[in-house]
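A structural walkthrough
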Amino acid sequence: AKEQGPAIYQFYLPQMNERAVARLKLETQLRGALARREFVLHYQPKVSLVSGKITGFEALLRWWHPALGLVPPFQFISVLEDTGLIVSVGEWVVLTVCEQIGRWQDQGLVPHPVSVNLSARQFQQQDLDAVIEKTLRITGIDPRLLEFELTESVLMKEAETAANALQNLKAFGVQISMDDFGTGYSSLAYLKRFPLDVLKIDRTFIRDVTTNPDDATIAVAMIKLAHSLGLRVVAEGVETREQLNFLIHHGCDEMQGYYFSRPLPLENASQVLMEDRRL
Ligand code: C2E
Ligand code: CA
Ligand code: CA
Ligand code: CA
């Protein structure tokens, strides 16, 4: 019969279909998620290794799925990026973070910079810097309280537009971090070429820093390199007291990781800020 089609389709189409259909379903759900306000941000504190005090937060995206509960970003970020939905979701993230900074200030809490992750896809949008500038203007927050985290792959894929956009962002007064440092390509060239304030050592170097001499050497070299270029250094993924001691000993500036705190829902992040004020 005609409906059956050529035999070859019957052989491989079902599995391909399953994956394609699942992805399409996810895409449709993600399109609705923004309108239904199902995205939320969690805030992970960064801590000074000198004072032990909170120096800032990283805003991390989660999806409150009506049936599945809290969905972590690795399950949907790539679909947001491939479909371009990351542009609208990213704008929502920046606006939400700026509004939250304003609310914390209104509550009399110590203002700390909050960082937002940017995907390569967001730099393909011509008016990224204009959208950010407008958000800063509407919310009226101090631009120094907003920070952007970019990976080397962003700078590699979008070198020209990124260099331009970053110069403009710097001119507004926001801060720029190089995220996941050491996991991409030509890291050293990027450090020179782009106007960075912060270097974040990827957690793959921190994980075995106290047991693997190579990782220890690399981590120490990264700290020295960053400092000699006038950048602050944040160690990611710090989970143990031993890793913390190592980083303090080698002059790392800040840390972020489960040892101090996991990413927190808004209420808990506000609580941490209130306690920080009392110290
Ligand atoms: P990232 O930018 O490298 O963020 C740090 C990730 O490490 C977070 O995962 C955080 O929960 C996790 N982490 C923090 N401390 C520790 C630790 O001590 N141990 C371990 N094992 N993990 C730790 P999360 O929240 O699942 O985010 C994953 C990635 O998703 C982020 O990696 C970032 O690339 C992306 N992402 C998250 N939110 C956004 C967003 O708003 N926009 C964009 N474009 N990407 C985002
Ligand atoms: Ca990040
Ligand atoms: Ca990172
Ligand atoms: Ca990462």
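To start, this report covers the structure provided alongside it. (Residues numbered from 1 in each chain as written. Chains lettered and ligands numbered in written order. Predicted model: local features only at pLDDT ≥ 70, side-chain atom pairs only at ≥ 80, totals over all residues. Heavy atoms only, no water.)

1. With respect to the coordination of the calcium ion (ligand 4)
Put simply, the test is: In this analysis a donor is any N, O or S atom within 2.8 Å of a metal ion (3.2 Å for sodium, potassium and calcium), and since water is not included, sites may seem incomplete. The helix and strand labels rest on DSSP assignments: H or I over at least four residues marks a helix, E over at least two residues marks a strand, and numbering proceeds from the N terminus.
Surrounding the calcium ion (ligand 4) are the protein donor atoms Asp180 (OD) and Asp180 (OD), at 2.9 Å. A gap of 3.7 Å separates the calcium ion (ligand 4) and the calcium ion (ligand 3), which aspartate 180 links by coordinating each metal. Inspection of the secondary structure assignment puts aspartate 180 in strand S6 (residues 175-181).

2. Notes on the side chain of serine 48
Under the convention used in this document: Each residue's exposure class comes from its accessible area (1.4 Å probe, protein chains only) as a fraction of the maximum for that residue type: buried when under 20%, exposed when over 50%, partly exposed otherwise. In protein, a polar contact requires one atom able to donate a hydrogen and another able to accept it; more generally it is a pair of N or O atoms within 3.5 Å, and residues adjacent in sequence count only if both atoms are side-chain atoms. Any pair of residues with heavy atoms lying within 4.5 Å of one another is described as a contacting pair.
For serine 48, the position within the fold is in strand S1 (residues 39-48). Judged by relative accessible area, which is 13%, serine 48 ranks as buried. Of note is the side chain of serine 48, whose polar atom sits 3.0 Å from the backbone nitrogen of serine 51. Apart from residues lying up to four places away in sequence, serine 48 is in contact with Lys53, Thr55, Asp253 and Glu254.

3. A look at the packing of helix H3 (residues 86-106) against helix H5 (residues 128-139)
Filter applied, for reference: Between N-to-C directions, angles cover 0 to 180 degrees, with each direction set by a line fitted to C-alpha atoms, over the stretch in contact for helices. These descriptions rest on fixed angle ranges, namely under 35 degrees for roughly parallel, over 145 for roughly antiparallel, 65 to 115 for roughly perpendicular, and the rest for oblique. In a left-handed crossing the near helix is turned counterclockwise from the far helix by less than a right angle, and in a right-handed crossing that turn is clockwise.
Their axes nearest at 10 Å, the elements H3 and H5 cross at an angle of 25°. Judged by the angle between their axes, H3 and H5 are roughly parallel. Between H3 and H5 lies a crossing of right-handed hand. Counting all contacts with H3, which are made through Glu91, Val94, Leu95, Cys98 and Glu99, the residues of H5 involved are Val131, Thr135, Leu136 and Thr139.

4. Section: the packing of aromatic side chains
This is how it is decided: Classification of ring pairs uses Phe, Tyr and Trp, with its six-membered ring standing for Trp, and accepts pairs whose centres are within 6.5 Å; under 30 degrees between planes counts as stacked, over 60 as edge-to-face, and the remaining range as tilted.
In the structure shown here, the tally under the stated rule is eight aromatic pairs. Judged by centre distance (5.8 Å) and plane angle (45°), the rings of tyrosine 190 and phenylalanine 194 are tilted. For phenylalanine 194, a relative accessible area of 3% corresponds to the buried category. These aromatic residues form a ring-pair network of at least three members: Phe39, Trp63, Phe76 and Trp92.

5. Topic: the pattern of salt bridges
Condition: Each salt bridge in this description consists of a side-chain nitrogen of Lys or Arg and a carboxyl oxygen of Asp or Glu lying within 4 Å of one another.
Inspection of the entire model under this criterion finds 15 salt bridges. Where arginine 36 meets glutamate 38, a salt bridge forms, and the shortest distance between an N and an O atom there is 2.7 Å. On the basis of relative accessibility, which here comes to 49%, the residue arginine 36 falls in the partly exposed class. The exposure class assigned to glutamate 38 is buried, which follows from its relative accessible area of 9%. When salt bridges that share partners are traced, they join Lys46, Glu58, Glu147, Glu149, Lys200 and Glu236 into one network.

6. Comments concerning the site of ligand 1
Where we set the bar: In these notes, residues near a molecule or strand are those with any non-hydrogen atom within 4 Å of it. With residues, only the protein chains shown are counted as cover, and all accessible areas are computed by Shrake-Rupley using a 1.4 Å probe.
By nearness alone, 22 residues border ligand 1, and Arg62, Ser119, Arg203, Glu239 and Tyr258 come closest of all. Separating an oxygen atom of ligand 1 from a side-chain N or O atom of glutamate 58 is a distance of 3.2 Å. Arginine 62 has a polar side-chain atom sitting 2.8 Å from an oxygen atom of ligand 1. Across the complex, the protein chains shield 82% of the 810 Å² of accessible surface that ligand 1 would expose by itself. When residues of the shell around ligand 1 are traced back to their parent elements, those giving at least two are strand S2 (54-65), H3 and S6. The leading source of residues in the shell around ligand 1 is S2, at four residues.

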